[in-house]
Amino acid sequence: MSTHEHSAAEQSGLPDIHIDRYEGLWIRISLLTVVVFTVAVGISSFAWGIQLPGAYQRIDPKTLNDPSSPFATPGLRELAPGKYEAYMTAQVWSFTPAEIRLPVGAEVTFYVTARDVLHGFKIAETNINMMVVPGQVSTLKAVFEKPGTYNLICHEYCGAGGPTIGHHTMYGQIIVEGVEETAATQ
Ligand code: CUA
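Residues numbered from 1 in each chain as written. Predicted model: local features only at pLDDT ≥ 70, side-chain atom pairs only at ≥ 80, totals over all residues. Heavy atoms only, no water.

S.K.: Give me the lowdown on the pairing of strand β9 (residues 136–144), citing residues and values where you can.
M.R.: Most of β9 sits inside the fold, with seven of its nine residues counted as buried. With seven bridges connecting them, strand β6 (residues 106–114) and β9 associate as antiparallel partners. Across the sheet, residue Y111 finds its bridge partner in β9, namely T139. (Buried < 20%, exposed > 50% of the residue type's maximum accessible area, 1.4 Å probe, protein only. Helix = DSSP H or I, 4+ residues; strand = E, 2+ residues; numbered from the N terminus. Pairing = 2+ DSSP bridges.)

Listed below in structure tokens is the structure:
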């Protein structure tokens, strides 16, 4: 049987496929790696809830000022005790609002879109790091466990098609106030 196959392969000019022992071992290892990574992605996304910055929805940048748009009056809204949503816009060369104040422990879902060109949205010391694309709403959630000032920076070289002279000045701040501090300001 094998003699017959061998001669058939030779006759057709095709190479005789032989898998070496170590080659076979490495094929198994590489297949196992794929399985391990798939399981890791599954656990991190479903069990641990780790999320990637996602395109939450499409939006026409021309409609951002419409009264029905949540971006017409950007800012922080409290949905439930300790739970917030923040609608923010990015434009050359600022964020609106440029400052957000939160009590410590606040869970915030950010919804960000761009009015003009591509921007970045990175909050230092958090997992928030996303691109802000005109025509798209980017979203990510963060919990601010430590009081302090978190810098929000644009990390995409913005202003393409025109001067980018202001990119490095594009920043904002998330100010997380401790319990006593919040109580004092009320
Ligand atoms: Cu916006 Cu760089």
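After that view of the structure, there is still more to cover.
S.K.: For a nonpolar patch on the surface, give the residues involved together with the corresponding values.
M.R.: Among the surface-exposed residues, L32, V35, V36, V39, I43 and W48 lie close enough to one another that they form a single nonpolar patch of about 620 Å² accessible area. Within the secondary structure, I43 is located in helix α2 (residues 21–47). (Patch = residues over 30% accessible without salt bridge, like charges linked within 9 Å, V, L, I, M, F, W, Y side chains within 5 Å. Areas by Shrake-Rupley, 256 points an atom, 1.4 Å probe, with all protein chains shown as cover. Salt bridge = Lys/Arg side-chain N within 4 Å of Asp/Glu carboxyl O.)

S.K.: Could you give an account of the pattern of salt bridges, naming the residues involved and the relevant values?
M.R.: Summed over all chains, the structure comprises five salt bridges. Two residues, R101 and E99, come together in a salt bridge whose shortest N-O distance is 3.0 Å. Under the relative-accessibility criterion, R101 is labelled partly exposed at 45%. Between E107 and K141 there is a salt bridge, and its shortest N-O distance comes to 3.9 Å. In this pair, E107 sits in strand β6 while K141 sits in strand β9, placing the two residues 34 residues apart along the sequence. Connected through shared salt-bridge partners, K83, E107 and K141 make up one network.

S.K.: So what's going on with the sheet that holds strand β5 (residues 99–103)? Which residues, and what values?
M.R.: If you trace the five strands from one edge of the open sheet to the other, you get β5-β11-β10-β7-β8, paired in mixed fashion. The open sheet has two free edges, formed respectively by β5 and β8 (129–132), since each of these has just one partner strand. On average, each strand axis in the sheet is tilted by 20 degrees relative to the strand beside it, whichever way the strands run. Across five bridges, the pairing between β5 and strand β11 (residues 171–177) is parallel. Counterpart to L102 in the pairing with β11 is V176. (Axes fitted to C-alpha atoms, helices over the stretch in contact; angles between N-to-C directions.)

S.K.: Outline the pairing of strand β2 (residues 75–80), listing residues and values.
M.R.: Here five bridges tie β2 to strand β3 (residues 83–91), and the two strands are oriented antiparallel to one another. Each residue of the ladder has a partner; that of R77, found in β3, is E85. Hairpin remark: β2 followed by β3, antiparallel, with two residues in the connecting loop; positive phi at G82, about 80 degrees.

S.K.: Requested: an account of unusual backbone geometry, with residues and values cited.
M.R.: Between V92 and W93 the backbone carries a cis peptide bond, its omega angle lying at -15 degrees. Examined against the element boundaries, W93 turns out to sit in the loop between β3 and β4 (94–96). Here the amide bond leading from T96 into P97 is cis, since omega sits at -10 degrees, within 30 degrees of zero. Considering the arrangement of structural elements, one finds P97 in the loop between β4 and β5. Even without being a glycine, E125 presents a positive backbone phi close to 65 degrees. Considering the arrangement of structural elements, one finds E125 in the loop between β7 (119–123) and β8.

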